[in-house]
Structure formats: structure tokens, C-alpha cells
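# Close look at the chain arrangement
Below, each chain spelled out in residue letters.
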Amino acid sequence: HCEKTGQEYTPVVFNSFDPGSYSLEETHEELKEELKKEKKKHDSELKEVEKKYNSRINMLHDQLATTKMILSRKEKLLDQVQQQVAEKQKAQETTAPAQATVDPSSS
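Residues numbered from 1 in each chain as written. Predicted model: local features only at pLDDT ≥ 70, side-chain atom pairs only at ≥ 80, totals over all residues. Heavy atoms only, no water.

### Examining the overall build of the protein chain
Per the secondary structure count, the protein chain includes two helices and zero strands. Summed over its atoms, the accessible surface of the protein chain is roughly 11,100 Å², and 56% of this surface lies on carbon and sulfur atoms. (Helix = DSSP H or I, 4+ residues; strand = E, 2+ residues; numbered from the N terminus. Areas by Shrake-Rupley, 256 points an atom, 1.4 Å probe, with all protein chains shown as cover.)

As C-alpha cells, this is what we get:
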């Protein structure tokens, strides 16, 4: 093409891949080191998350135990109140017929 147009041909300089200057072992070692660093970072972050959520889980377990205890005590108190009400009603029923037999208008 240059000969037809009258221009001088100038070759372009480029680098070609030289497998002799490329070491897979060095690249492999670099990747292994990078992987170790990333794994260490990941493990550290995972431990932080586990610590955070384990403390939260423990707090929730404590809250659940407290709530169950309060519920149990309230149920016990409710049973006592219901028993007292039932006893009062029974006492009123036994005294009410005795009062009904006495007619205050006949006096």
C-alpha cells in the first residue's frame, strides 16, 4: 500500500509475548498470598458478625426467659384471683338462700 501511494514504510514496534519471561510459579504464589489475605480478612469479618449476633441472640434468650417467668407468675396470680372470686360467689350463694328464707316483711 505504501509503495503505491509513494509513502515510506515504517514498521510499528510492538512487544510480543515471551513465555520465557513469564513465570507461572511466581504468579501462582502471588495469587496464593492474595487469597490468604482475603481469607484472613473474611474470617475476621465473619468473627465480628458472629460475635455481634451471638450477643444479640443471648440477649433475646434472656428476654424470652424473663417474659416466660412473668407470664407464669401472671397466670398463677390469675388462678388465685379466680379461685378467690369463685369462693366469694360460693359463699354468697350459700348465704343468699338463708337470707331468702327469712322474710323481712313478715316481721
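### A word on a negative patch on the surface
Together, Glu25, Glu26, Glu29, Glu30, Glu34, Glu38, Glu45 and Glu48 give the surface a local cluster of negative charge. Its place among the elements puts Glu45 in helix α2 (residues 24-101). (Patch = residues over 30% accessible without salt bridge, like charges linked within 9 Å, V, L, I, M, F, W, Y side chains within 5 Å. Salt bridge = Lys/Arg side-chain N within 4 Å of Asp/Glu carboxyl O. Lys, Arg positive; Asp, Glu negative; His and termini not counted. Charge placed at Lys NZ, Arg CZ, Asp CG, Glu CD.)

### Observations regarding the pattern of salt bridges
For the structure on display, the rule yields one salt bridge. One salt bridge in this structure joins Lys36 and Glu33, with 3.9 Å as the shortest N-O distance. With Lys36 and Glu33 both in helix α2 and three residues apart, this pair spans about one turn of that helix. Residue classification places Lys36 among the exposed positions, given a relative accessible area of 53%. Judged by relative accessible area, Glu33 falls into the partly exposed class, the value being 40%. (Buried < 20%, exposed > 50% of the residue type's maximum accessible area, 1.4 Å probe, protein only.)

### Considering a nonpolar patch on the surface
Residues Val49, Tyr53 and Ile57 make up a contiguous nonpolar surface patch of roughly 260 Å² in combined accessible area. Of note, Val49 is situated in helix α2. Val49 gets classed as partly exposed once you look at its relative accessible area, which sits at 44%.

On their own, these measurements won't tell you what the molecule is for.
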